[in-house]
Amino acid sequence: MTATVKPILDLNAFRDDASAAPAGSLLARRRANFGAASVLFYSDPIEVVRGQGVWMEAADGRRYLDFYNNVPSVGHCHPRVVAAIAEQAATLNINTRYLNQRVESYLERLKATLPDEVSNAVLCCTGSEANDLALRVAAKASGGAGVVVTEAAYHGNTAAVTDISPSAWKLAGPVPAHVRIVPPPSAAAFGADIAQGFADAVAAAFADLQASGIRPSAFICDSIFSSDGVYADPPGFLAPAVAAARAAGALYIGDEVQPGFARTGDAMWGFARHGLVPDIVTMGKPMGNGFPMAALLTRPDLLALFCEDVGYFNTFGGNPVAAAAGLAVLEVIAEEGLQANALAIGGHLKARLAALAQRYPMVGAVRGAGLFIGIELVQPGDPATPDPAAATALIAGLHRRGVLIGAAGRYGNTLKVRPPLCLTRAEADLFADALAECLEELPTA
Ligand SMILES: Cc1ncc(COP(=O)(O)O)c(C=O)c1O
């Protein structure tokens, strides 16, 4: 039996049915305002009114444990971040064409967490913008256009970035001519030697581009392979693939929008787990704990080359309020020991989930690092067959028990465990207990 490929925005999506919303309800107003572009979670969408730490509260007073969100990464509405934003917003907010102490202090603090090589930054507002620019920097440096990505990658929403985001494509049609797709770095695709198999696939993809007359430009990947279904181990497996990409003349763009900012527990950045230094690093989501900010960091020579041809200015990117938020996030991660917490609580949680995998045949695998874990659901008795229906049932069961979570993977059969980094052991246990109850409700054959 095969499962259907699912675009990322269809996972756990509310199916809009015009009859379901009484006139004047929030849902009806939403429909009138957002139209076809509305994307809501859950068959019974939630109106969320406030958040704190790992918890969100709905308009009906119900509290939810948030296991979905890696944006409010240091905790919803962290008072330190909120105060930093408020204080700077009340003082000055301006674009980057003026000197500003706070912006430089922020970048110096951020760069102290990164390899020395990537020492020039472009600040922008979304991960999509950062990846769009990364493609342009890579194209200029390589003189090529060919990009290799994984089969359920998501890198953002601009036209260029949608071209390299297979999980955003709804229609089965030709892959853009300059793009080649490789399977995620899984044992299912490559057997025991994931590092070699994945590197061979990347090398073959670039060779195929060259054979079609398209010069290699970039290998871009999210080093935790979040939308592919979370692939973290063994640390270091990514290095041969990056070497293969560089041997073909391509640059390595490390998309840290998902794994960055200490989430994987053993490192601040996902690429560091693989012993790599990217040519270009992009980041976003948790960077401002909800304040919209993103960045590209690269080598000065690469940025200089790009700037020979075009100027780049971003009106809101790098404004001092964003810098204040970003600085507060870095301070909170350091002072509250959130990287160590991600490692310790993530390790505890993974062990509890692995125990569930032993007990329930529909849990095919538990993968991940720190507080980024994937729980893969398969057909009981047929571990090679994905079971997206089980993932959907678990998401609904957890919702009923006050836990919010999403899915990932090409078939939407992997639960994506991604709570704020301040998660406590008791909250991790709450999740594992609720999941065990939901698994108990699933059919075993
Ligand atoms: C790996 C990755 N890169 C880039 C992006 C795009 O970021 P944004 O939504 O801020 O444009 C996302 C968003 O989900 C992502 O998961």
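Before reading on, note that the structure itself is shown above.
Caption draft 1: Layout of the site of the ligand. Lining the immediate surroundings of the ligand are Thr-126, Gly-127, Ser-128, Asn-131, Tyr-154, His-155, Gly-156, Asp-222, Asp-255, Val-257, Gln-258 and Lys-285. One of the backbone N or O atoms of Gly-127 is found 3.0 Å from an oxygen atom in the ligand. Within the side chain of Gln-258, an N or O atom sits 2.7 Å from an oxygen atom of the ligand. Sort the elements by how many residues they give to the shell around the ligand and helix H4 (residues 127–142) lands first, with 3 residues. For the shell around the ligand, the residue count by class is 2 nonpolar, 7 polar and 3 charged.

Caption draft 2: How the structure looks around the environment of Leu-123. Considering the arrangement of structural elements, one finds Leu-123 in strand E4 (residues 120–124). The residues touching Leu-123, leaving out its near neighbours within four places in the chain, are Val-103, Leu-107, Met-287, Ala-294, Ala-295, Asn-314, Gly-317 and Gly-318.

Caption draft 3: Summary view of the environment of Ser-38. Tracing the backbone through its elements, the reader meets Ser-38 in the loop between helix H1 (26–34) and strand E1 (48–52). A sequence separation of 25 residues divides Ser-38 from Ala-13, and the C-alpha atoms of the two residues are 10.0 Å apart.

Caption draft 4: Spotlight on empty space enclosed by the protein. Counted by the stated rule, this structure contains 1 cavity of 30 Å³ or more. Size it by volume and the largest cavity reaches roughly 40 Å³. Classifying every residue of the lining of the largest cavity gives 4 nonpolar, 4 polar and 2 charged.

Caption draft 5: Quick peek at the nonpolar core. With 101 residues, the main nonpolar core has Leu-110, Phe-219, Leu-238, Met-283, Leu-349, Phe-431 and Leu-435 as its most contacted residues. Here the element with the most residues in this core is helix H10 (residues 320–335); it accounts for 10 residues. Among the domains, domain 1 (8–74 + 337–441) and domain 2 (79–335) are the pair contributing at least three residues each to this core. When near neighbours in sequence (up to four residues on either side) are disregarded, Phe-219 contacts Val-148, Phe-198, Val-202, Phe-206, Leu-238, Ala-241, Val-242, Ala-245, Ala-250, Leu-251, Tyr-252 and Ile-253.

Caption draft 6: The arrangement of the environment of Ala-436 in detail. Structurally, Ala-436 is set in helix H13 (residues 425–441). For the pair Ala-436 and Gly-412, spaced 24 residues apart in sequence, the C-alpha to C-alpha distance is 20 Å. Not counting the four nearest positions on each side in its chain, Ala-436 is found in contact with Leu-356, Arg-359 and Tyr-360.

Caption draft 7: Local environment of the packing of helix H7 (residues 194–211) against helix H8 (residues 239–247). Contact geometry of H7 with H8 gives a least axis separation of 7 Å together with a crossing angle of 20 degrees. Considered as vectors, H7 and H8 are oriented roughly parallel to each other. Classified by chirality, the crossing of H8 by H7 is right-handed. Residues Ala-195, Phe-198, Ala-199, Val-202, Ala-203 and Phe-206 of H7 form the contact with H8, whose own contacting residues are Pro-240, Ala-241, Ala-244 and Ala-245. Looking at the contact of H7 with H8, its residues break down into 10 nonpolar, no polar and no charged.

Caption draft 8: Molecular detail of the packing of aromatic side chains. Within the structure shown, the criterion is met by 11 aromatic pairs. Ring geometry for Trp-269 and Phe-271: centres 6.5 Å apart, planes at 5 degrees, overall stacked. A network of ring pairs unites the aromatic residues Phe-190, Phe-198, Phe-219, Phe-225, Phe-237 and Tyr-252 as a single cluster. Against the face of Phe-34 rests Arg-30, its NZ or CZ located 3.8 Å from the ring centre. In this structure, Arg-418 packs its charged tip against the face of Tyr-68, placed 4.7 Å from the ring centre.

Caption draft 9: Spatial organisation of the layout of surface pockets. There is about 600 Å³ of room inside the second largest pocket. Contributing to the lining of the second largest pocket are 29 residues, with Ser-186, Ala-188, Tyr-231, Arg-367 and Glu-376 lying nearest its centre. At the level of secondary structure, the elements contributing two or more residues to the lining of the second largest pocket comprise helix H6 (187–190), strand E11 (363–369), strand E12 (372–379) and strand E13 (382–386). No other element matches the 5 residues that E11 contributes to the lining of the second largest pocket. Per-class residue counts for the lining of the second largest pocket are 15 nonpolar, 8 polar and 6 charged. Two domains each provide a minimum of three residues to the lining of the second largest pocket, namely domain 1 (8–74 + 337–441) and domain 2 (79–335).

Caption draft 10: Inspection of the side chain of Asp-66 at higher detail. When you line up the elements, Asp-66 lands in strand E3 (residues 63–66). For the buried Asp-66, which has no salt bridge, the nearest side chain bearing the opposite charge is Arg-418, at an N-O separation of 7.7 Å. Engagement of the side chain of Asp-66 in a polar contact is seen with the backbone nitrogen of Tyr-68, the distance being 3.0 Å. Looking at Asp-66, its side chain comes within polar contact range of the side chain of His-76, at 2.7 Å. Residues contacting Asp-66, with those up to four places away along its chain left out, are Val-54, Met-56, His-76, Leu-404, Pro-419 and Pro-420.

Caption draft 11: Summary view of helix H3 (residues 101–111). Among all positions in H3, only Val-103, Tyr-106, Leu-107 and Leu-110 are buried. For H3, the angular spread of buried residues about the axis comes to 95 degrees, placing them on one side. The exposed set on the far side of H3, more than 90 degrees from its buried face, consists of Gln-101 and Glu-108. Its side-chain oxygen placed 2.9 Å from the backbone nitrogen of Arg-102, Asn-100 serves as the N-cap of H3.

Procedures and definitions
Residues numbered from 1 in each chain as written. Predicted model: local features only at pLDDT ≥ 70, side-chain atom pairs only at ≥ 80, totals over all residues. Heavy atoms only, no water. Near = heavy atom within 4 Å. Polar contact = N/O pair within 3.5 Å; in protein donor to acceptor, adjacent residues only side chain to side chain. Helix = DSSP H or I, 4+ residues; strand = E, 2+ residues; numbered from the N terminus. Nonpolar A, V, L, I, M, F, W, Y, C, P; charged D, E, K, R; others polar. Contact = heavy atoms within 4.5 Å. 1 Å grid on protein atoms, 1.4 Å probe; cavity = no way out; pocket = protein on both sides within 12 Å on 5 of 7 lines; lining within 4 Å. Points joined across faces, edges and corners; volume = space filled by probe spheres on them. Core = buried A, V, L, I, M, F, W, Y, C linked by side-chain atoms within 4.5 Å. Buried < 20%, exposed > 50% of the residue type's maximum accessible area, 1.4 Å probe, protein only. Domains from an automatic or database assignment. Axes fitted to C-alpha atoms, helices over the stretch in contact; angles between N-to-C directions. Parallel < 35°, antiparallel > 145°, perpendicular 65-115°, else oblique. Left-handed = near helix turned anticlockwise from the far one by under 90°. Phe/Tyr/Trp six-rings, centres within 6.5 Å; stacked < 30°, edge-to-face > 60°. Lys NZ or Arg CZ within 6 Å of the ring centre and 35° of its normal. Lys, Arg positive; Asp, Glu negative; His and termini not counted. Salt bridge = Lys/Arg side-chain N within 4 Å of Asp/Glu carboxyl O. Arc of directions from axis to C-beta.

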